[in-house]
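Each chain, written out:
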Amino acid sequence: KQHHFDKVVLFKVGGWFEIFHKDAIEVRKILGLNWAPDKDKLHCGFRSTSYDTFVPRLIDGGLKIVVVDQVETTQEFFDRVNKKTKGIANREIMSVSTIGTSFSIDNPTVKWILALWFDA
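Residues numbered from 1 in each chain as written. Predicted model: local features only at pLDDT ≥ 70, side-chain atom pairs only at ≥ 80, totals over all residues. Heavy atoms only, no water.

(A) Region of the structure containing the packing of aromatic side chains. Within the structure shown, the criterion is met by four aromatic pairs. Aromatic side chains phenylalanine 46 and phenylalanine 54 sit 5.0 Å apart centroid to centroid with 85° between the ring planes, which places their arrangement in the edge-to-face category. Comparing phenylalanine 46 with phenylalanine 54, the two get one shared label, buried. Among the aromatic residues, those joined into a ring-pair cluster are Phe17, Phe46, Tyr51 and Phe54. The ring centre of phenylalanine 17 lies 5.9 Å from the NZ or CZ of lysine 12, which sits over that ring. (Phe/Tyr/Trp six-rings, centres within 6.5 Å; stacked < 30°, edge-to-face > 60°. Buried < 20%, exposed > 50% of the residue type's maximum accessible area, 1.4 Å probe, protein only. Lys NZ or Arg CZ within 6 Å of the ring centre and 35° of its normal.)

Pasting the structure below:
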């Protein structure tokens, strides 16, 4: 989050995308999601099958989206940490979506991206 402070981070956890703290408050305003029943963490989420429906709505609402997913298998995780010890699975950014980079088959609005490179 420190490198993407201006974006909403969606953490892929199993078949869900989970959103925490300030990001959850912003997402909840746009999507009307319920709070998760966890008193220790302020968060909400949605099923991964709803990604193509919800992410365009978040982008249209002015948000930039970062998707973070686990990059190691369960076995790799257990090999790295003691099976009796709780640990955090290695995760990495899988995608960044903004108003300029999103595209939907249902709403094929033309978007232009220009890149210039000069060799000095």
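(B) Spotlight on the sheet that holds strand E5 (residues 91-97). Taking strand neighbours across the sheet as the criterion, the five strands line up as E3-E2-E1-E4-E5 in an open arrangement whose pairing is mixed. Only two strands of the sheet have a single neighbouring strand rather than two, namely strand E3 (43-47) and E5. Each strand of the sheet is rotated relative to its neighbour by a mean of 30°, with strand direction disregarded. As paired strands, strand E1 (residues 8-13) and strand E2 (residues 16-20) are joined by three bridges and run antiparallel to one another. Residue pairing in the sheet places lysine 12 in a bridge with phenylalanine 17 of E2. In the packing of helix H1 (residues 21-31) onto the sheet, contacts are made with E1, E2 and E3, and the angle to E2 comes to roughly 115°. (Pairing = 2+ DSSP bridges. Helix = DSSP H or I, 4+ residues; strand = E, 2+ residues; numbered from the N terminus. Axes fitted to C-alpha atoms, helices over the stretch in contact; angles between N-to-C directions. Contact = heavy atoms within 4.5 Å.)

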